[in-house]
Amino acid sequence: MRIDVVSIFPSYFDGLALSLLGKARETGLLDLSVRDLREWTQDRHRTVDDTPYGGGAGMVMKPEPWGQVLDELVGDAPKEGAARPTIIFPSPAGEVFTQATARELAGREHLLFGCGRYEGIDERVFDEAASYGEVRLISLGDYVLNGGEVAVMAMIEAIGRLIPGVVGNPESLVEESHEDGLLEYPSYTKPAVWRERAVPEILLSGNHGAIAVWRREQQVQRTRERRPDLLPEAGADPSEA
Ligand code: 6GU
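Conventions adopted
Residues numbered from 1 in each chain as written. Predicted model: local features only at pLDDT ≥ 70, side-chain atom pairs only at ≥ 80, totals over all residues. Heavy atoms only, no water. Near = heavy atom within 4 Å. Polar contact = N/O pair within 3.5 Å; in protein donor to acceptor, adjacent residues only side chain to side chain. Areas by Shrake-Rupley, 256 points an atom, 1.4 Å probe, with all protein chains shown as cover. Nonpolar A, V, L, I, M, F, W, Y, C, P; charged D, E, K, R; others polar. Buried < 20%, exposed > 50% of the residue type's maximum accessible area, 1.4 Å probe, protein only. Helix = DSSP H or I, 4+ residues; strand = E, 2+ residues; numbered from the N terminus. Pairing = 2+ DSSP bridges. Right-handed = clockwise from strand over helix to strand, strands pointing away. UniProt positions renumbered as here; feature names shortened; annotations may be inferred. Contact = heavy atoms within 4.5 Å.

Draft legend 1. Up close: the site of the ligand. Around the ligand, a shell composed of Pro-90, Ser-91, Pro-92, Ile-138, Ser-139, Leu-140, Gly-141, Tyr-143, Leu-145, Gly-147 and Ala-151 is seen. Interatomic distance of 2.5 Å between a backbone N/O atom of Tyr-143 and a nitrogen atom of the ligand. Measuring from a nitrogen atom of the ligand, one finds a backbone N or O atom of Leu-145 at 3.1 Å. If the ligand stood free it would expose 290 Å²; the protein chains cover 95% of that surface. Within the shell around the ligand, the residues separate by chemical class into 7 nonpolar, 4 polar and no charged.

Draft legend 2. The arrangement of the pairing of strand 1 (residues 2-7) in detail. Burial runs high along strand 1: 5 of the 6 residues are buried. The pairing of strand 1 with strand 2 (residues 31-36) spans 6 bridges and is classified as parallel. For Val-6, the partnering residue across the bridge sits in strand 2 and is Arg-35. The parallel pair strand 1 and strand 2, bridged by helix 1 (residues 19-27), forms a crossover whose chirality is right-handed. Pairing of strand 1 with strand 6 (residues 110-114) involves 5 bridges; the strand directions are parallel. Following the sheet pairing, Val-5 is matched in strand 6 by Phe-113.

Draft legend 3. Layout of the UniProt feature "binding site: S-adenosyl-L-methionine" (unreviewed entry) in the protein. Per the UniProt annotation, the sites labelled "binding site: S-adenosyl-L-methionine" (unreviewed entry) are Gly-116, Leu-140, Gly-141, Asp-142, Tyr-143, Val-144 and Leu-145. Along the chain, Leu-140 falls in the loop between strand 7 (134-139) and helix 5 (149-160). In contact with Leu-140, other than residues within four places in its own chain, are Val-96, Leu-145, Ala-151, Ala-154 and Met-155. You can see Gly-141 is positioned in the loop between strand 7 and helix 5. A relative accessible area of 10% places Gly-141 in the buried class.

Right, here's the structure in full:
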């Protein structure tokens, strides 16, 4: 998978050289490049923002550098047979990112993330981008960050780990929170008693069928307590599906 990120703070993404995604980049499973939006400015001050038409607080990102980015990274020059990119703008005004979004985007060949700062990007950039590929405005959740960088880090990690081969043991992808619509069951390791706290006895029983049932019950109980919004409807029990 190819991922391009455009930001005025490219060093936010240094962390993507670490751990599983860093390894995936080394082995070629993930072709990730991070570019500085200011590369596409023309003036001496490398200006990326300006005051909003109509007045109001803060600054708005100018359209011209973004137009140049689109021309260069996803313009009509891309190699013969290259897939049309999915162009993602992180935005607190977008659709909310979920595991289902991550799964969907993990199936794409080419993602371009455009990170906005200040009060946002000139609205015409989104319309223009739609002529280069599918445009998605995506939010991490209902709270405000200073810019899209941290949100894009989270999205790339969630998407990247779903690329086949990135996570060594594919079974570990199946048993996680959100993969089956429930929170994950609690995990324990040795010692069996720690500071007078014992591991649930069933886990020491060796009865794999009973353990599977217990884990499922734990998943449903936790989801009901912590995230009832994930359950189909009050009273419905996904463990009986
Ligand atoms: Cl994607 N961007 C910003 N600036 N704030 C956010 C967000 C994104 N998602 C939640 N809050």
